[in-house]
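# Structure at a glance
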Amino acid sequence: MHSWNNSICKTIFKNKNGFLRSGWTILIVMLLYYALLYFASFLVLTALIVILTATGDLNRAADYFSPLANWVNDACLPVAMLILTDVMMIIIPIIAWKCFIKRPLSEMGLHPSKSTKKECGAGMILGMVNCTLVFLLVVWFGGGHVASWQPRVTALTLTWLFAFVLVAFAEEVLNRGFIMAVLRRCRNHVFVLIFLPSVIFGAIHLGNPSVTLLSVFNIIISAGNNCGDSFFIYVY
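I will try to describe carefully the structure that is included in this document. (Residues numbered from 1 in each chain as written. Predicted model: local features only at pLDDT ≥ 70, side-chain atom pairs only at ≥ 80, totals over all residues. Heavy atoms only, no water.)

If you walk through the whole model with that rule in mind, you get three aromatic pairs. Summarising the aromatic geometry, the rings of Trp97 and Phe178 are spaced 6.2 Å apart at their centres and angled 85° between planes, so their arrangement reads as edge-to-face. With Trp97 in helix α3 (residues 67–101) and Phe178 in helix α5 (residues 155–185), the pair connects residues that are 81 residues apart, well separated along the chain. The class of Trp97 is buried, set by a relative accessible area of 0%. A relative accessible area of 1% places Phe178 in the buried class. (Phe/Tyr/Trp six-rings, centres within 6.5 Å; stacked < 30°, edge-to-face > 60°. Helix = DSSP H or I, 4+ residues; strand = E, 2+ residues; numbered from the N terminus. Buried < 20%, exposed > 50% of the residue type's maximum accessible area, 1.4 Å probe, protein only.)

Structure below.
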């Protein structure tokens, strides 16, 4: 009976190749990512509150926020939290892959070569062009309104641009890097290789402002198409 229980447990947690099943690996890493992100965010917010309180810019008992505190809260904090999220999304899958799965980063698609850098740069440029075209189409068909077409380049604007480039890289590392590599390593069916990263990619965006089920569905379909392209490029 004890031997039978051990066999069931091994079947549940390990595949026929002796690897921890890809679903468990992905679940553990995602839980670790959100737990560490929550902890890091808590530390950042606590440090900000302590600093602003010590400088007299914040008094929560009197509900007082100085102009500096309001600027930090409204302008700096959102982009800082986005960058923190991106950094954690990059670091945690890489550490998990190197320290626990113990495979080269090249299997995640991270090749430190000149050709890869050129492909990465070309991909970023195409992504920027695509986003610009979508933005212009949305405005053209009345789906959005531009308050002013006069550009205002500030340090905060450049920081947001950096954050948007970083989030694209981070999502690639997590979804088409780590998750697809884990699924491929465990020899999952091609449908699972494409479908699961797409669903996880869509689920990550459930916390976006004004998100709808239709928008998440569109993200999943778009991600599925990209994951399919990535898979066949890797294979062929």
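The next subject is the nonpolar core. Counting residues in each nonpolar core, the largest one holds 28 residues, and the members touching the most others are Ile26, Met88, Trp97, Phe178 and Ile179. Going through the elements one at a time, α2 (22–54), α3, α5 and α6 (190–204) are the ones with two or more residues in this core. If you tally residues by element for this core, the top one is α3, at 10 residues. Contacts of Trp97, omitting those with residues within four sequence positions, involve Lys102, Arg103, Pro104, Leu105, Glu107, Met108, Phe178, Ala181, Val182 and Arg185. (Core = buried A, V, L, I, M, F, W, Y, C linked by side-chain atoms within 4.5 Å. Contact = heavy atoms within 4.5 Å.)

Let's shift gears to unusual backbone geometry. Comment: phi is negative for the bulk of residues other than glycine, and the bulk of peptide bonds are trans. A positive phi angle, near 55°, is found at Asp63, a position not held by glycine. You can see Asp63 is positioned in the loop between β1 (58–59) and β2 (64–65). In this structure Asp63 comes out as exposed when scored by relative accessible area, which is 60%. Despite not being glycine, Lys102 shows a phi value in the positive range, around 60°. Position of Lys102 relative to the elements: it lies in the loop between α3 and α4 (114–140).

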